[in-house]
Amino acid sequence: MSKDLHLSRVIAHRGASAYAPENTLAAMRKAHAMGAQWVEFDVMLTADGEAIIMHDDTLRRTTNGKKRLVAETSYNDIAQLDAGSWFAKQYAQEPVPTLHELLNLLKKLKININLEIKPTVGKEAETAEKSIEILKQFWPVAESPPMISTQSEICLSVVHKIAPELCLGTVIHQWNEPWQNWSQDYACQSVSVNHLILSPEKIMELRKYVKYVLAYTVNEPWRAHELFEWGVDSVFSDKPDLLS
Ligand code: G3P
Ligand code: MG
């Protein structure tokens with residue numbers, strides 16, 4: 001069993017993504033400047049197996065890389081892209097960070113992490129293995145226990161096998177996933193749930209299986225307070241200042 005995570009009420013979703021381009025170093029610096037104690041980010045693999053920080057399968061929405069698939073683009077090509085202009089001119093030329101670069105920054109900022117493994121189809125095991133390899137190499141796991149989460153059963157099984165000491169959790173968009181089995185089979189300690197499908201009853205049920213119940217993505221203070229009253233531990237928010 002891993003150490004207590006000491007989660008904060010608000011976890012900065014993809015960094016301070018309401019105020020800076022998501023999943024960039026700028027978004028993480030902004031989250032830290034706004035007082036965030038935890039940040040969440042998404043890890044995906046490039047065609048040549050580099051672990052980068054990216055949410056979507058394609059480069060279109062968050063870079064100038066057009067419709068190309070991340071999984072079919074080399075890291076050298078991705079490193080040339082602008083991941084900031086789509087958000088605001090002041091972030092022009094903000095790069096897509098590698099997981100290694102991101103961990104180095106977050107370590108300096110002394111901020112806690114939720115690493116979400118976001119594999120493309122067919123690369124599940126490889127993405128999980130690479131994420132954990134880099135995490136173990138560059139993150140002070142014992143000093144600052146991370147939360148690892150994923151929506152992929154293959155990733156859950158790989159992380160459970162190669163790093164059972166880490167706090168692992170499922171991500172649930174809809175109730176049709178067999179989350180009870182996953183929680184038991186892979187010793188999950190957390191569950192991150194789409195807040196729109198939560199109810200007080202569902203939260204009570206989730207609590208029978210996991211230690212931490214988290215809800216995403218909550219950008220309204222009244223909704224965060226309602227979820228806390230229902231028993232949610234933390235909310236993922238694009239606004240680290242949600243409760244201030
Ligand atoms: O892990 C919480 C949340 O990040 C899951 O959804 O799509 O924003 O990665 P998504
Ligand atoms: Mg995520």
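Refer to the preceding data block for the structure.
So, how was this worked out
- Residues numbered from 1 in each chain as written.
- Chains lettered and ligands numbered in written order.
- Predicted model: local features only at pLDDT ≥ 70, side-chain atom pairs only at ≥ 80, totals over all residues.
- Heavy atoms only, no water.
- Salt bridge = Lys/Arg side-chain N within 4 Å of Asp/Glu carboxyl O.
- Helix = DSSP H or I, 4+ residues; strand = E, 2+ residues; numbered from the N terminus.
- Buried < 20%, exposed > 50% of the residue type's maximum accessible area, 1.4 Å probe, protein only.
- Contact = heavy atoms within 4.5 Å.
- Donors = N, O, S within 2.8 Å, 3.2 Å for Na, K, Ca; no water.
- Axes fitted to C-alpha atoms, helices over the stretch in contact; angles between N-to-C directions.
- Left-handed = near helix turned anticlockwise from the far one by under 90°.
- Nonpolar A, V, L, I, M, F, W, Y, C, P; charged D, E, K, R; others polar.
- Pairing = 2+ DSSP bridges.
- Right-handed = clockwise from strand over helix to strand, strands pointing away.
- 1 Å grid on protein atoms, 1.4 Å probe; cavity = no way out; pocket = protein on both sides within 12 Å on 5 of 7 lines; lining within 4 Å.
- Points joined across faces, edges and corners; volume = space filled by probe spheres on them.

### Focus on the pattern of salt bridges
Next, step 1: Applying the stated criterion across every chain, the model contains eleven salt bridges.
Next, step 2: For the salt bridge of glutamate 22 with arginine 61, the shortest nitrogen-to-oxygen distance reads 2.8 Å. Remark: arginine 61 occurs in the loop between β3 (51–53) and α2 (75–79) and glutamate 22 occurs in the loop between β1 (10–13) and α1 (25–33); sequence separation between them is 39 residues.
Next, step 3: Overall, glutamate 22 belongs to the buried group, its relative accessible area being 9%.
Next, step 4: Arginine 68 is paired through a salt bridge with aspartate 77; the nearest N and O atoms lie 3.5 Å apart.
Next, step 5: The network of salt bridges with shared partners includes Arg14, Glu22, Asp42, Asp56, Arg61, Glu116 and Lys118.

### What about α1?
Next, step 1: Considered for burial, the residues of α1 that qualify are Leu25, Ala26, Ala27, Met28 and Ala31.
Next, step 2: Buried residues along α1 sit in contact with β1, β2 (38–45) and α3 (99–109).
Next, step 3: Positive phi shows up at glycine 35, right after α1, with a value of about 95°.

### As for the coordination of the magnesium ion (ligand 2)
Next, step 1: Here the magnesium ion (ligand 2) is held by Glu40 (OE), Asp42 (OD) and Glu116 (OE), and the distances to it run 2.0 to 2.2 Å.
Next, step 2: Sequence positions of the donors to the magnesium ion (ligand 2) reduce to the motif E-x1-D-x73-E.

### Considering the packing of α3 against helix α4 (residues 124–138)
Next, step 1: One can describe the packing of α3 onto α4 by two numbers: an axis separation of 10 Å at closest approach and a directional angle of 35°. At the point where α3 passes α4, the crossing takes the right-handed sense. On the side of α3, the interface is formed by Leu99, His100, Leu103, Asn104 and Lys107, while α4 contributes Ser131, Ile134, Leu135 and Phe138.
Next, step 2: Per-class residue counts for the contact of α3 with α4 are five nonpolar, three polar and one charged.

### Looking at the pairing of strand β7 (residues 190–194)
Looking down a regular strand, the side chains alternate between one sheet face and the other.
Next, step 1: Counted residue by residue, β7 has five buried out of five residues, so it is predominantly covered.
Next, step 2: Of the pairings in the sheet, the one linking strand β6 (residues 167–172) to β7 comprises four bridges and is parallel in character. Considered in β7, the bridge of glycine 169 is made with serine 190.
Next, step 3: With helix α6 (residues 179–185) bridging β6 and its parallel neighbour β7, the resulting β-α-β unit is right-handed.

### Some thoughts on empty space enclosed by the protein
Next, step 1: With the rule as written, the count across this model stands at one cavity of 30 Å³ or more.
Next, step 2: Lining the largest cavity we find 13 residues, and of these Glu22, Asn23, Ile53, Thr62 and Ala83 sit closest to its centre.
Next, step 3: Across the lining of the largest cavity, the residue classes break down as seven nonpolar, five polar and one charged.

So far we have only geometry, and geometry alone does not tell us how the molecule works.
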